[in-house]
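# An overview of the molecular structure
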Amino acid sequence: MLGGKIKHSELAARIIVEGALTILQGKTPPGQLPVKPEVLSDREAEDLGLPPGGTVLCYPLGEKGVFFDMVGSRMVVWYNGADADRATGVLDAALKKAYPSTKLVIDAEHPQQSDLRVRAYDVKLSEGLMATIEVSYAKPGAYAAKFSAIVVGMAIKH
């Protein structure tokens, strides 16, 4: 059991807000996260169902950990179990604190998976730069608690 006192939901939110969104702005993330990531090999990434060529990290926490995959300006953060039922609320609060102009643009049934919901945010990062974050999460009472967030950076043309 690694990772100390931080919860999976808090770690996932920090990876997204302090890590992914900061990286998209071309900046170095502030400070260190409380859990040191392990870089996964292409083979380990393949075992997770990911194509080779990305940067895949596992932040070991509890029995399963929180995962991060980055290819270009697209990043994915996900985990199953633990407190995945809390992750969307924790992320929502962290986004609004760090980026007050964040807009929730979708909160609906997931179009392909009946046990999930989908939520999407538009986050203005700086002049000429924004990110969309698409979150998939288990409905209350769903059999398996899941959380994933796809973060994509985009230039804004005026």
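Treat the numbers as computed from the prediction; the structure is a model and nothing was measured.

### Some remarks on the packing of helix 1 (residues 8–24) against helix 3 (residues 84–98)
Between helix 1 and helix 3, the shortest axis-to-axis distance is 8 Å and the interhelical angle comes to 35°. Seen from above, helix 1 lies across helix 3 with right-handed handedness. Touching Ser9, Glu10, Ala13, Ile16, Val17 and Leu21 of helix 1 are Arg86, Ala87, Val90, Leu91, Ala94, Leu95 and Ala98, all from helix 3. Split into classes, the residues belonging to the contact of helix 1 with helix 3 amount to ten nonpolar, one polar and two charged.

### Some points on the sheet that holds strand 4 (residues 74–80)
On the basis of which strands lie adjacent, the open sheet formed by eight strands has the order 1-2-3-4-8-7-6-5 and antiparallel pairing. Edge strands, defined here as strands with exactly one partner in the open sheet, are strand 1 (38–39) and strand 5 (103–109). Examined bridge by bridge, strand 2 (residues 55–59) and strand 3 (residues 66–71) share five bridges and lie antiparallel to one another. Across the sheet, residue Thr55 finds its bridge partner in strand 3, namely Met70. The sheet strands contacting helix 3 are strand 4, strand 6 (116–126), strand 7 (129–138) and strand 8 (146–155), and the helix crosses strand 6 at an angle near 20°.

Calculation criteria
Residues numbered from 1 in each chain as written. Predicted model: local features only at pLDDT ≥ 70, side-chain atom pairs only at ≥ 80, totals over all residues. Heavy atoms only, no water. Axes fitted to C-alpha atoms, helices over the stretch in contact; angles between N-to-C directions. Helix = DSSP H or I, 4+ residues; strand = E, 2+ residues; numbered from the N terminus. Left-handed = near helix turned anticlockwise from the far one by under 90°. Contact = heavy atoms within 4.5 Å. Nonpolar A, V, L, I, M, F, W, Y, C, P; charged D, E, K, R; others polar. Pairing = 2+ DSSP bridges.

Keep in mind these numbers describe shape, not what the thing actually does.
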